[in-house]
Amino acid sequence: MTRNAAISLTRIAVIVGGIALLEVLCRRHIINPLTLIPPSEMATSLWHLFGSQKIWDDIAQTFSTVAFSFVLSVAAGFALGALIHALPRVRRAVDPLLASYYSIPFFVFYPLLIALFGLNTVPLIVIGFIFATAAMVISTLNGLDRVPRVMTKTSRILRLSPTRAIWSVTLPAAAPYLFTGLKLALAYSFIGVIAGEFILSGGGLGYSIAYAYNDFDNQTMYALMMFVLVIAVAMNGALHVWEQRMLKKRARA
Amino acid sequence: MNVVARLTDVSRVYPPRAGHAAVHALGPLSLELRDGEFFSVVGPSGCGKSTLLDVLAGLSAPSEGTIEFEGKPVAGVVPDGVGVVFQEDASFPWLTVEDNVAFGLRRLGMDGAEIKRRVDFAVGFMGLNDFRRAYPSQLSGGMRQRVCIARTLVLQPRLILLDEPFGALDQQTRLLMGDELLRLWRETGATILLITHALDEAAMLSDRVGVMSARPGRFIDIITTGWARERDSAIVADPAFGAVTARLWSLLRSESLKAIGAKGA
């Protein structure tokens, strides 16, 4: 068996083993059924939910909110990162702030945002945006730092216009780091939106999970939680595969 | 005998920054590069050889003095017709060898057939035919430098500047690449300025060798080797080669000691 196949198999075995263990513990009532339902029940419950309209409305709302937050944070994060990179004094001022950014518990601002914008998707987009943008800024700064000086010199020797130089040389050179920013921005947007919906909102997957929780409806709650988990893993996995493909041709042996 | 590039009393001083004093990196120095010659620059480390290249290529403006290329002034803007090969690998890892070489041409909006013709020639000339579809990460250091040289070659520059291009390579590869460089020089008829710290390389390849002093670099002497145009690394057997190398070292030795002394090593 090839090494890669063995690694994949081990990975699958660990996941399946974990799920199987959980299944056994729940069915044997070693874990209280009021606390956790078996994974198989989560799956069947989710399947039933797909039959109803509610979950599709929730999915549409959450995903569209995440998408807004993601696109805005990537655009703003990149623009800000590029701007800060071009202004060394600003960068020196801002660096310590960026370094400690993620120690701030941003969710405390959520009720304030609701007071400002109302109980709709805007506070959710803003929360996701606040979370995700800094990661994109940091990744952009990293990426632009790591464009080898000799490449910037080469753009000048080739007499490229500034726009051409950025588009054809700087961006591709920084791409791996920008991609990391993309991954983080997506993850943080997702976390921000779902958590916000959970705290307080009028709809979406997070809201439905909170509603089911308050209703003691374990079937629905765990089904939705499992769905969110699977989606998050799948999204990240897809990006990871794309990233590996991009890096493969650049990788130095 | 045409002068293709001229530096007159050129000086480069880096202004003082937070915590650093001003650095007088180069000059004042003057140089006339003759059309079609192979000129090497040797000097102790830190003497400003790379600064000289930056200033001559238009990558940085001189603090004093003037630079002319083909009769027109150069000041901080890279003129058309100048190619540069750097010591570090400047090949683009996201493009294949072929795309790397074609990169400069595509930006010019050149006709597709002409691009193909030039790329085919350069790739063949640099011995990269078997690697056209490969990515730089799959090639050795020497091959990546050949990609960079091919990328410069397709633009048909009249002046080619090389900043220690073979610095990262082993001695045997250096000698072979030196022969290739001579071949390239003869084929294209371009003027070549090679910066190197290897005295034997300078002695072997050049028509003239400029010896720079310790920082701030000025030319102590310019030696003419008198080699025939058709030459290669076999010239090491010529007694005159030893004489040239010895002369270079006798000039450089005291300057090198000064450079080390100045660093306080």
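Residues numbered from 1 in each chain as written. Chains lettered and ligands numbered in written order. Predicted model: local features only at pLDDT ≥ 70, side-chain atom pairs only at ≥ 80, totals over all residues.

Thoughts on the overall build of chain A
Our working rule: The way it works is that DSSP assigns letters per residue, a run of H or I at least four long becomes a helix, a run of E at least two long becomes a strand, and they are numbered from the N terminus. Our exposure labels follow a C-beta count within 10 Å of each residue's own C-beta, placed from the backbone: buried means 20 or more other C-beta atoms, exposed means 12 or fewer, and partly exposed covers the counts in between. What counts as a contact here is a pair of residues whose C-beta atoms, placed from the backbone, lie within 7 Å.
A count of helices and strands for chain A gives 10 helices and 0 strands. With respect to the three principal axes, the spread of C-alpha positions in chain A is 70 × 60 × 35 Å. Across the 253 residues of chain A, 30% fall into the buried class. Across chain A, the fraction of contacts at a sequence separation of at least 24, relative to all contacts at a separation of at least 6, is 74%.

Notes on the interface of chain B and chain A
Just so we agree on the cut-off: Note that Gly is not counted as nonpolar here; it falls among the polar residues with everything else outside the nonpolar set of Ala, Val, Leu, Ile, Met, Phe, Trp, Tyr, Cys and Pro and the charged set of Asp, Glu, Lys and Arg.
Taken together, the contact pairs 15 residues of chain B with 17 residues of chain A. Considered class by class, the residues forming the side of chain B that touches chain A number 10 nonpolar, 2 polar and 3 charged.

So, helix H8 (residues 162-199) of chain A
We count it as follows: Here the expected length of a helix is defined as 1.5 Å per residue gap, with one fewer gap than residues. In this analysis the local bend is the angle between axes fitted, respectively, to the seven residues ending at and the seven residues starting at the residue.
The terminal C-alpha atoms of H8(A), which comprises 38 residues, lie only 46 Å apart, well short of the 56 Å expected from a rise of 1.5 Å per residue. The sharpest bend along H8(A) reaches about 60 degrees and sits at A:Ala175, with the proline A:Pro176 one to four residues further on.

Observations regarding the domain arrangement of chain A
Accessible area lost during the coming together of the parts is what is often quoted as the interface size. For the record, the criterion: Domains are outlined according to an automatic or database domain assignment.
Partitioning chain A into structural domains gives domain 1 (1-36) and domain 2 (39-248). Averaged C-alpha coordinates put domain 1 of chain A and domain 2 of chain A at centres separated by 29 Å.

Topic: the confidence of the model for chain B
How we decide: What pLDDT expresses is the predictor's confidence in each residue, scored from 0 to 100.
When pLDDT is averaged across chain B, the result is 89; 98% of the residues are at 70 or more. Across the interfaces of the predicted complex, the ipTM metric reaches 0.88, alongside a pTM of 0.82.

Thoughts on the packing of helix H3 (residues 54-86) of chain A against helix H9 (residues 205-214) of chain A
Residue and element names in this part refer to chain A. The line we're drawing: Simply put, an axis is a line fit to the C-alpha atoms, just over the touching stretch for a helix, and the angle between two N-to-C directions goes from 0 to 180 degrees. By definition in this entry, angles of less than 35 degrees are roughly parallel, angles greater than 145 are roughly antiparallel, angles of 65 to 115 are roughly perpendicular, and the rest are oblique.
Where H3 contacts H9, the axes come no closer than 8 Å and their chain directions differ by 130 degrees. By the criterion of interaxial angle, the relationship of H3 to H9 is oblique. Residues Asp58, Ile59 and Thr62 of H3 pack against Leu205, Gly206 and Ser208 of H9. Among the residues forming the contact of H3 with H9, the class breakdown is 2 nonpolar, 3 polar and 1 charged.

With respect to the environment of B:Ala228
Residue and element names in this part refer to chain B. The topology assignment puts alanine 228 in the loop between strand E10 (219-224) and helix H7 (239-263). Owing to 6 C-beta atoms within 10 Å, alanine 228 belongs among the exposed residues under this scheme. Considering only alpha carbons, one finds alanine 228 and glutamate 187, 41 residues apart in sequence, at a separation of 15 Å.

Concerning the pairing of strand E4 (residues 64-69) of chain B
Residue and element names in this part refer to chain B. Stated formally: DSSP calls a pair of strands paired once it identifies at least 2 bridges connecting them.
Sheet analysis places strand E1 (residues 3-14) next to E4, joined by 5 bridges and oriented antiparallel. What sits directly across from serine 11, in E4, is glutamate 64. The pairing of E4 with strand E5 (residues 72-73) spans 2 bridges and is classified as antiparallel. The residue bridging glutamate 68 from the neighbouring strand is proline 73, located in E5. Linking E4 to E5, which pair antiparallel, is a turn of 2 residues; within it glutamate 70 sits at a positive phi near 50 degrees.

Some points on helix H7 (residues 149-157) of chain A
All names here are of chain A. Our working definition: Think of the arc as the fan of directions from the helix axis to the C-beta atoms.
All buried positions along H7 are accounted for by Met151, Thr154, Ser155 and Ile157. Projected down its long axis, H7 carries its buried residues within an arc of 160 degrees, all on one side. Of the residues one or two after H7, arginine 159 is the one with positive phi, at around 55 degrees.

Comments concerning the sheet that holds E1(B)
All names here are of chain B. Read across the open sheet, the 4 strands follow the order E2-E1-E4-E5; overall the sheet is antiparallel. The sheet is open, and its two borders are formed by strand E2 (23-34) and E5, each paired with just one other strand. Helix H1 (residues 49-57) contacts E1, E2 and E4 of the sheet and is inclined by roughly 120 degrees relative to E1.

A word on the nonpolar core
Selection rule: We call a set of buried Ala, Val, Leu, Ile, Met, Phe, Trp, Tyr and Cys residues a nonpolar core when their C-beta atoms link them within 7 Å.
Membership of the largest hydrophobic core comes to 121 residues, with the highest contact counts inside it found for A:Ala185, B:Ala150, B:Leu161 and B:Leu248. In terms of residues, this core owes the most to one element, helix H6 (residues 121-145) of chain A, which gives 15 residues. Those residues in contact with B:Ala150 that sit more than four places away from it in its chain are B:Val101, B:Ala122, B:Val123, B:Met126 and B:Leu128.

Re the sheet that holds strand E6 (residues 82-85) of chain B
Residues and elements named next belong to chain B. The 6 strands are arranged E6-E7-E8-E3-E9-E10 in an open sheet whose pairing can be described as mixed. Here the strands that pair on one side only, and so sit at the sheet edges, are E6 and E10. Across this sheet, the average inter-strand angle for adjacent strands is 15 degrees, counted without regard to direction. Taken together, the 5 bridges between strand E7 (residues 159-163) and strand E8 (residues 191-195) define a ladder with parallel strand orientation. Along E8, the bridge assignment pairs leucine 162 with leucine 194. With respect to the sheet, H1 is in contact with strand E3 (38-42), E6, E7, E8 and strand E9 (208-212), its orientation differing from that of E7 by roughly 155 degrees.

Focus: the domain arrangement of chain B
Residues and elements named next belong to chain B. Taken domain by domain, chain B holds domain 1 (3-81 + 157-263) and domain 2 (91-156). Contacts between the two partners involve 8 residues from domain 1, matched on the other side by 7 residues from domain 2. At 3 residues, the largest contribution of residues to the side of domain 1 that touches domain 2 is made by helix H5 (residues 171-188). Considered class by class, the residues forming the side of domain 1 that touches domain 2 number 7 nonpolar, 1 polar and no charged.

Let's talk about the environment of B:Arg144
Residue and element names in this part refer to chain B. Tracing the backbone through its elements, the reader meets arginine 144 in helix H4 (residues 141-153). Here arginine 144 falls in the buried class, since 21 other C-beta atoms lie within 10 Å of it. Separated by 53 residues in the primary sequence, arginine 144 and serine 91 place their C-alpha atoms 6.6 Å from one another. The residues touching arginine 144, leaving out its near neighbours within four places in the chain, are Asp89, Ser91, Pro136 and Leu139.

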